Amino acid sequence: MTIIIYILTVLFAIASLEIIRKKRYKVMPHICLLIFVSFIGFGTISILSIVLPCGETFVYPMGAVIFGLLFILFGLNDIYTLIRCKEKVEGVYCGYNTYYGNNGVSIQSPVFEYTYNGDLYREQTTQTIPYNMIIGSVYTIY
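Bear in mind that the values here come from a model prediction, so they are computed numbers and not experimental data.

Caption draft 1: Region of the structure containing the environment of Ile-14. Looking at where Ile-14 falls in the secondary structure, it is placed in helix 1 (residues 2-22). A residue is classified by how much of its surface remains accessible, and Ile-14, at 47% relative accessible area, is partly exposed. As for Ile-14 and Glu-56, which are separated by 42 residues in sequence, their C-alpha atoms are 24 Å apart.

Caption draft 2: Local environment of the side chain of Ser-49. Its place among the elements puts Ser-49 in helix 2 (residues 29-51). Under the relative-accessibility criterion, Ser-49 is labelled buried at 8%. Here the side chain of Ser-49 touches Tyr-6 through a polar contact of 3.0 Å, side chain to side chain.

Caption draft 3: Broad picture of the sheet that holds strand 1 (residues 89-100). Taken in spatial order, the four strands of this open sheet run 3-2-1-4, and their pairing is antiparallel. Here the strands that pair on one side only, and so sit at the sheet edges, are strand 3 (119-124) and strand 4 (138-141). Going from strand to strand, the sheet's axes swing by 40 degrees on average, the running direction of each strand aside. With six bridges joining them, strand 2 (residues 106-116) and strand 3 adopt antiparallel strand pairing. Across the sheet, the residue bridging to Tyr-114 is Tyr-121, located in strand 3.

Rules used in this analysis
- Throughout this document, residue positions are counted from 1 along each chain, in the order its sequence is written.
- For a predicted model such as this one, the threshold for reporting local features is a pLDDT of at least 70, and the threshold for listing and counting side-chain atom pairs is 80 or more; totals across whole chains, interfaces and linings nevertheless cover every residue.
- Note that water and hydrogens are dropped before the side-chain values are worked out from all heavy atoms of the structure.
- Strands here mean DSSP runs of E at least two residues long; helices mean DSSP runs of H or I at least four residues long; both are numbered from the N terminus.
- The buried label goes to any residue with under 20% of its type's maximum accessible area, the exposed label to any with over 50%, and the partly exposed label to all in between, with areas taken from a 1.4 Å probe on protein chains only.
- Definition of a polar contact: a pair of N or O atoms within 3.5 Å, with one able to donate and the other able to accept a hydrogen when the atoms are protein atoms, and with sequence-neighbouring residues admitted only if both atoms are side-chain atoms.
- Paired strands, as defined in this entry, are two strands with at least two bridges between them according to DSSP.
- Note on geometry: axes are lines fitted to C-alpha atoms, helical ones only across the stretch in contact, with angles between N-to-C directions running from 0 to 180 degrees.

Here is the structure:
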């Protein structure tokens, strides 16, 4: 378990640096906050497990707390997104990203390009493709 915490610390550190470098915190502040909280939480656990004499005993309970906090925060972010996204925008369908699960099951998440408040975005939606979309066609998205 300790190795997993160290690996997660490094991965969230890299993600945090990329967020800062690309200034993604301006576009997606809630998700970026979750990644920063994850880095701080896993970094704290990593340091305590190294510095304290019996530090590895803190890894399991603190790791469980950080994982639980992350699941709660991700859930709150999803609920907030559903409440907040009520404005219709015209988006150009650019294709989809495929994600594979167990037993050969896959889902496709569409990618749209749209302009909102004068800024151009190219983002993947959180929903799967409900029907066949045509690349380059305009669809109403929220």
